[in-house]
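Examination of the molecular architecture
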Amino acid sequence: LPLSDTTSVRNYRKSLLSGLDLVKINHGLEQIMSVEALYKEGRLSVNEVANKLGIQAYQLSEYLNQIKNVTFPQYVNDYRISEAKHLLLKNKQQ
């Protein structure tokens, strides 16, 4: 899903995302997960990822819930499952 600066935040009575650059958060999250592969850490926490992004854990949680429509564990596990599929296919071809 494309993300724009005007992405609406819904369901939270008082959004904690107001004033944050959602595009910057999206790019930072992609960098952390895809390039740095932080999802490989067994005990990765929402606090750790939020700190790397320079936001609060509750803001990251709201971002994932409202913008990505996933929880933090779901988001991380999606990366882990994709990596497992990749490794299984790679091993099958060898």
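Scroll up to find the structure this text is about.
Quick caveat, the model's predicted, so the values are computed rather than measured.

What counts as what
- Residue indices follow the written sequence of each chain, beginning from 1 at its first position.
- Thresholds applied to this predicted model are a pLDDT of at least 70 for local features of residues and 80 or more for the giving and counting of side-chain atom pairs; totals over whole chains, interfaces and linings are not thresholded and use all residues.
- Think of the side-chain values as coming from all heavy atoms in the structure, minus any hydrogens and water.
- A side-chain nitrogen of Lys or Arg and a carboxyl oxygen of Asp or Glu constitute a salt bridge if their distance falls within 4 Å.
- Helix and strand assignments follow DSSP, with helices taken as H or I runs no shorter than four residues and strands as E runs no shorter than two, numbered in order from the N terminus.
- The buried label goes to any residue with under 20% of its type's maximum accessible area, the exposed label to any with over 50%, and the partly exposed label to all in between, with areas taken from a 1.4 Å probe on protein chains only.

Some thoughts on the pattern of salt bridges
Here the idea is simple: oppositely charged side chains can pair when their charged atoms come close. Enumeration according to the criterion identifies two salt bridges in this entry. Measuring nitrogen to oxygen at the nearest pair gives 3.3 Å for the salt bridge that ties Glu36 to Lys52. A residue pair is termed long-range when its members are at least 10 positions apart, and Glu36 in the loop between helix H1 (22-35) and helix H2 (46-53) and Lys52 in helix H2 qualify at 16 residues. Overall, Glu36 belongs to the partly exposed group, its relative accessible area being 39%. Relative accessible area serves as the criterion here: at 47%, Lys52 is assigned to the partly exposed category. A salt bridge links Lys40 to Glu83, with the nearest nitrogen and oxygen atoms 3.8 Å apart. Remark: Glu83 occurs in helix H4 (residues 72-93) and Lys40 occurs in the loop between H1 and H2; sequence separation between them is 43 residues.

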